[in-house]
Amino acid sequence: MRENTKTPPAMRTPQELAAALGLQPQTVMKFCREERIKCIRVGRLYRISAPEFDRVLREGVPQVPGEQSGPAVSTSRQARTNNRKEVSQ
């Protein structure tokens, strides 16, 4: 019988990735739930493979399609200003 000579990749925790990225562990776990980071769930625990850990450190966390990269404060202010003008006229 052949033995499996391939060893599984080392697993890292969301806390380790959060510390490396300067984020809160809850944020990294949210990214896992949203599948923005590939994670394995073991019971209630999340684990991140070493290659995925390194990929996120190199490339960052991918954006969700349709999500804006920055705050939309100026758009919101402009919309409120336009609404005020319409109401007052």
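Residues numbered from 1 in each chain as written. Predicted model: local features only at pLDDT ≥ 70, side-chain atom pairs only at ≥ 80, totals over all residues. Heavy atoms only, no water.

(A) Up close: helix α2 (residues 25-33). Within α2, burial applies to Val 28, Phe 31 and Cys 32. The arc enclosing the buried residues of α2, seen along the axis, measures out at 105°, which places them on a common side. With respect to the buried face of α2, the exposed residues turned more than 90 degrees away are Gln 26 and Arg 33. Contacts made by the buried residues of α2 are with α1 (14-21) and β3 (45-49). The first or second residue beyond α2 is Glu 35, which carries a positive phi of 65°. (Buried < 20%, exposed > 50% of the residue type's maximum accessible area, 1.4 Å probe, protein only. Helix = DSSP H or I, 4+ residues; strand = E, 2+ residues; numbered from the N terminus. Arc of directions from axis to C-beta. Contact = heavy atoms within 4.5 Å.)

(B) Seen up close, the side chain of Glu 52. As for its position among the elements, Glu 52 is in helix α3 (residues 50-59). When its relative accessible area of 7% is taken as the criterion, Glu 52 is described as buried. Engagement of the side chain of Glu 52 in a polar contact is seen with the backbone nitrogen of Lys 38, the distance being 3.0 Å. Apart from residues no more than four positions distant in its own chain, Glu 52 is found in contact with Ile 37 and Lys 38. (Polar contact = N/O pair within 3.5 Å; in protein donor to acceptor, adjacent residues only side chain to side chain.)

(C) Representation of the nonpolar core. Within the largest apolar cluster, ten residues are counted, these being Leu 17, Ala 18, Val 28, Phe 31, Cys 32, Ile 37, Tyr 46, Ile 48, Phe 53 and Val 56. Taken together, the elements giving at least two residues each to this core come down to α1, α2, β3 and α3. Considering every element that reaches this core, the biggest residue donor is α2, with three residues. Not counting chain neighbours up to four residues away, the residues in contact with Phe 31 comprise Leu 23, Arg 36, Ile 37 and Val 61. (Core = buried A, V, L, I, M, F, W, Y, C linked by side-chain atoms within 4.5 Å.)

(D) Main features of the sheet that holds β3. One open sheet holds the three strands; their spatial order is β1-β3-β2, and the pairing between them is antiparallel. Of all the strands in the sheet, just β1 (11-12) and β2 (40-42) have a single pairing partner and so form its edges. The pairing of β1 with β3 spans two bridges and is classified as antiparallel. Looking at the pairing, Met 11 lines up with Ser 49 of β3. (Pairing = 2+ DSSP bridges.)

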